[in-house]
Amino acid sequence: MSSIDWKEGRFQSKGAMRSVKRIGDMAGVFSDATAWQSMDQQMLVYSVEWEQRAEPGLEGGLFWGATIIQPGKVGEEYFMTRGHFHMRRDRGEYYTTVQGIGMLVLRDDRATWTEVMSPGSLHYIPGQTAHRTVNTGESPLIFWACWPSDAGHDYATIEKDFFSIRVVNQDGALGIA
Ligand code: PAN
Ligand code: ZN
């Protein structure tokens, strides 16, 4: 058994994996390359802690983890995750938000759409759907996720503006560009 701090998005027990993305790890992700380059490359953008009791790639297992996206912007664009498809395209996922406010951006082969994330919001991400999360607030956006152990992550396909929309702050207002 493990134990978690539900609201803080942290594992209290040992054994969780952790990955951290800083500004310097996110070349080409944000639209304003000049603004990105001028920022402190060590600045934290998001971190993920997760538990994988099953072997990655094993069919039938589940992974469980939390993402914390810091508040901030690169130019006009809010801090966000890189986003991905699952390598096994038919694998779905659940997200549920515990703190902060944000946007889940989804894209399948027909359309791009968004869902507002706020404490208590539950999001089902169907298979065949690329997903990215954006912190549109002024405090960390924290959400838990559960995904299949054989889902895998495909980051290559979503490079080069695959989502087709960007979540921005223009003149103090939240907008989609
Ligand atoms: C999440 C994401 C996490 C970080 O656990 O992996 O929010 O986003 P990126 O993987 O796009 O950097 C998930 O969707 N897992 O499948
Ligand atoms: Zn995923």
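## Considering the sheet that holds strand E5 (residues 62-69)
Here comes step 1: An order of E3-E4-E5-E13-E8-E11 is seen for the six strands of this open sheet, with the pairing classed as antiparallel. Two strands in the sheet have a free side with no partner beyond their single neighbour: strand E3 (17-22) and strand E11 (122-125). Between one strand and the next, the sheet's axes are offset by a mean angle of 20°, whatever the strand orientation.
Here comes step 2: Pairing geometry for E5 and strand E13 (residues 141-148), over eight bridges, is antiparallel. Across the sheet, tryptophan 64 pairs through a bridge with cysteine 146, a residue of E13.

## Concerning the coordination of the zinc ion (ligand 2)
Here comes step 1: Around the zinc ion (ligand 2), the protein contributes the donor atoms His84 (NE2), His86 (NE2), Glu93 (OE) and His131 (NE2), which lie 2.1 to 2.3 Å from the metal centre.
Here comes step 2: Bound by six donor atoms, the zinc ion (ligand 2) shows angles of 75 to 173° at the metal and therefore octahedral coordination geometry.
Here comes step 3: Along the chain, the residues that donate to the zinc ion (ligand 2) are spaced as H-x1-H-x6-E-x37-H. Each member of the pair, histidine 84 as well as glutamate 93, is classed as buried.

Criteria and thresholds
Residues numbered from 1 in each chain as written. Chains lettered and ligands numbered in written order. Predicted model: local features only at pLDDT ≥ 70, side-chain atom pairs only at ≥ 80, totals over all residues. Heavy atoms only, no water. Pairing = 2+ DSSP bridges. Helix = DSSP H or I, 4+ residues; strand = E, 2+ residues; numbered from the N terminus. Axes fitted to C-alpha atoms, helices over the stretch in contact; angles between N-to-C directions. Donors = N, O, S within 2.8 Å, 3.2 Å for Na, K, Ca; no water. Tetrahedral: all angles 85-135°; square planar, octahedral: opposite > 155°, others 65-115°. Buried < 20%, exposed > 50% of the residue type's maximum accessible area, 1.4 Å probe, protein only.

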